[in-house]
Amino acid sequence: MATPERRFRLSVPAELESLAMVREFVTRVGERAGLPSDEVSRLELAADEACTNAIRHAGGGPGGELTVRASFDAETVTVGVADAGPGFDPGAIPDEDAPRLLAARRTGGLGLRLMRSLVDELRYERHPGGTNELRLVKRRKGAPGER
């Protein structure tokens, strides 16, 4: 029998003070999905970085909001971070060598590099109506396509 997909949603002010709530939300979903604790921590850190980037770069401002959606099924756990900022193309950010970025004292691109190293898949979509969503996907242990 297939495991039904479970879905969860959290909306928070687009402020750094909201990150603790997001981390707790992602941790609880990861635990409920049965991820090992080290994988829950990796997903939590990736979601924290995604939210931090959205807050800093999407121009949340007073009244701005982040929506964090999480779901899991038999194969994957997915966390999506949505905002109403101007959008960006993660493919346009070069996947440069981290030591080279650090030596050049450049910070741009480190967050995406970190997120890519923590999850199995990173997807970005710009939805009609101006909403951006960055999705972080972790494959569940033993699921097809596990790396």
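Residues numbered from 1 in each chain as written. Predicted model: local features only at pLDDT ≥ 70, side-chain atom pairs only at ≥ 80, totals over all residues. Heavy atoms only, no water.

S.K.: Break down the packing of helix H2 (residues 37–57) against helix H4 (residues 110–118) for me, citing the residues and quoting the values.
M.R.: Axis separation between H2 and H4 bottoms out at 9 Å; the angle between their running directions is 155°. The orientation of H2 relative to H4 falls into the category roughly antiparallel. Between H2 and H4 lies a crossing whose hand is left-handed. On H4, the residues that touch Arg-42, Leu-45, Ala-46, Glu-49, Ala-50 and Asn-53 of H2 are Gly-111, Leu-114, Met-115, Ser-117 and Leu-118. Residues that form the contact of H2 with H4 fall into these classes: six nonpolar, three polar and two charged. (Axes fitted to C-alpha atoms, helices over the stretch in contact; angles between N-to-C directions. Helix = DSSP H or I, 4+ residues; strand = E, 2+ residues; numbered from the N terminus. Parallel < 35°, antiparallel > 145°, perpendicular 65-115°, else oblique. Left-handed = near helix turned anticlockwise from the far one by under 90°. Contact = heavy atoms within 4.5 Å. Nonpolar A, V, L, I, M, F, W, Y, C, P; charged D, E, K, R; others polar.)

S.K.: Explain the sheet that holds strand S3 (residues 76–83) to me, and be specific about the residues and the numbers.
M.R.: Taken in spatial order, the five strands of this open sheet run S1-S2-S3-S5-S4, and their pairing is antiparallel. The sheet terminates laterally at strand S1 (6–13) and strand S4 (121–127), the two strands that pair on one side only. If you compare each strand with its neighbour and ignore which way they point, the axes differ by 15° on average. Inspection of the sheet shows S4 paired to strand S5 (residues 131–139) by seven bridges, in the antiparallel sense. Its bridge partner lying in S5, Glu-125 is registered against Glu-133. Contacting S1, strand S2 (65–72) and S3, helix H1 (residues 19–33) runs over the sheet at an angle of about 175° to S1. Lying over the sheet, H2 contacts S2, S3 and S5, oriented at roughly 170° with respect to S5. (Pairing = 2+ DSSP bridges.)

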